[in-house]
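Here is what each chain is made of, one letter per residue.
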Amino acid sequence: LPLLLEAILLRLASGSHHPFYNGFYYNHIMNDKGKGQEKVVYFNGAKLVVETPKDPIYSSNGANVTLPCHYHYEPDLEAKRKIRIKWSKLRDDYTKEQDVLVAIGKTYMAFGDFRGRAHLHQASRREASLVVSNVRLQDDGKYRCEVIDGLEDESDVVDLQLQGIVFPYQPPHGQYRLNFHEAERACQEQGAVLATFNQLFQAWSEGLDWCNAGWLADGTVQYPIRLPRKPCGGLHLAPGIRSYGPRHRHLHRFDAFCFSSTLRGEVFYLDRPAGMTLEEAKQSCQDAGAEIAQVGQLYSAWKFLGLDRCDAGWLADGSVRYPITKPRANCGPVEPGVRSFGFPSKGRFGVFCYKER
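These remarks concern the structure in this document. Numbering of residues starts from 1 in each chain and follows the order in which that chain's sequence is written. Per-residue local features of the predicted model are confined to residues with pLDDT of at least 70, and side-chain atom pairs are confined, for both listing and counting, to 80 or more; whole-chain, interface and lining totals are unaffected and use all residues. Water and hydrogen atoms were dropped before computing side-chain values, which therefore reflect all heavy atoms in the structure.

**Brief notes about helix α3 (residues 197–205)**
Along an α-helix, residues three or four apart share an orientation, since each turn contains 3.6 residues.
Inference 1: Throughout, exposure labels follow a simple rule: accessible area from a 1.4 Å probe, protein chains only, divided by the maximum for the residue type, with under 20% read as buried, over 50% as exposed, and the rest as partly exposed. Strands are runs of DSSP state E lasting at least 2 residues, helices are runs of H or I lasting at least 4, and numbering of each runs from the N terminus. Those residues of α3 that fall on the buried side of the exposure criterion are Gln-199, Leu-200, Ala-203 and Trp-204. The arc enclosing the buried residues of α3, seen along the axis, measures out at 140°, which places them on a common side.
Inference 2: Should any heavy atoms of two residues lie within 4.5 Å, those residues are counted as being in contact. Buried positions along α3 lie against β12 (164–169), β13 (193–194), β15 (220–225), β16 (240–246) and β17 (255–261). Read the arc as the range of directions from the helix axis to the C-beta atoms.

**Structural notes on helix α5 (residues 295–304)**
Inference 1: Burial analysis of α5 places 8 of its 10 residues in the buried class, the great majority of the element.
Inference 2: Within α5, burial applies to Val-295, Gly-296, Gln-297, Leu-298, Tyr-299, Ser-300, Ala-301 and Trp-302.

**Concerning the sheet that holds strand β9 (residues 129–132)**
Inference 1: Pairing between strands requires that DSSP locate at least two bridges from one strand to the other. Reading across from one edge, β3-β9-β8 is the order of the 3 strands in this open sheet, with antiparallel pairing throughout. The two strands at the open ends of the sheet, each matched to only one other strand, are β3 (65–67) and β8 (118–121). Pairs of neighbouring strands in the sheet enclose a mean axial angle of 30°, with direction left out of account.
Inference 2: Judged from the 3 bridges that link them, β3 and β9 form a sheet pairing that is antiparallel. Across the sheet, the residue bridging to Val-65 is Val-132, located in β9. Throughout, an axis means a line fitted to C-alpha atoms (over the contacting stretch in the case of helices), and angles, computed between N-to-C directions, take values from 0 to 180 degrees.

**A few points about the pairing of strand β11 (residues 152–162)**
Inference 1: The sheet contact formed by strand β2 (residues 57–59) and β11 spans 3 bridges and is parallel. Bridge pairing in β11 links Ile-57 to Leu-160.
Inference 2: Relative to β11, strand β10 (residues 141–149) is paired through 9 bridges, and the arrangement is antiparallel. Bridging across to β11, Cys-145 finds its partner in Asp-156.
Inference 3: What sits between β10 and β11 in their antiparallel hairpin is a turn of 2 residues, with Gly-150 showing a positive phi close to 65°.

**Brief notes about the state of the cysteines**
Inference 1: The definition used for a disulfide is geometric: two cysteine sulfur atoms within 2.5 Å. Counted under the stated rule, the structure contains 5 disulfides.
Inference 2: The disulfide partner of Cys-211 is Cys-232, and the gap between their sulfur atoms is 1.9 Å. Between Cys-211 and Cys-232 the sulfur-sulfur dihedral comes to about -120°; the bridge is accordingly left-handed. In this pair, Cys-211 is assigned in the loop between α3 and β14 (214–215) and Cys-232 in the loop between β15 and β16, connecting sequence segments 21 residues apart.
Inference 3: Cys-211 sits in the partly exposed class, given a relative accessible area of 24%.

In short, geometric facts, not functional conclusions.
What follows is the structure, encoded as structure tokens:
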């Protein structure tokens, strides 16, 4: 077969017809040397290599981050065409990738939520790094850096991880009341997004133990168990992430696991001698030039700013909670955490407010 193919190509080349030329040089028509091992065809006679960091890139909410990406040829050569660079974000549920940015030469276009926030950083030769400004919670995830030179197309993946905290969330009307879309909204209303599996796993490795199942960003329902027990999958199962797998996003109902990152402001506590109703609490925050804090903001302040307050306070969803970093008598369990009084219909408490810096 290789000899036959070579003979046909030579005959075409020596005929009266002009040889077809499409701008690419096919270095090797067949690479099978009879040993059953095929070699890669490189249209330029050189291999295009794309390189990104193997370790995750860490950032936080509101920051600017650079996702490094470089390319080169083996052996080295100068590209004769304008290189096309494409960045895309891989989705947690393995559906179609989300377009982030496409560039040819110095011309580029960003897409969707990345418009006005994404551009290329090309400070050095053969650099294709992506800069994302004002990082958002939903930016967490894996990104593909793709370099296209004619018919050559190579890519590598960068993992962007936001420093944050995962917290379980139930709405005021009780346990297992949220379908997937309602869970998404519930997290957003608390200054958070649905957590990914990787974020839940990280939280589990840091000590999160929660027996109620909740939605994740990929449409699966899971829950983290550190101490196996009968109501939480049974005593015979090892510690880990229990999974119900993908559930119907409209019909099935569970709680939610939300993810919040570091804050660009501060959470502070206000009180009155006689306490406040929820409406009075909201007004008190407004009078202080702030707004009533969301649940995600309280968790972030506890996790990253060390907020410690043994006084219960209203939050935006109508719940009453308080954050403890140094457990002590009369302040709940012996472990640090955000304590909850649920959603009281009556009662007077202080309030946690949030103010942007």
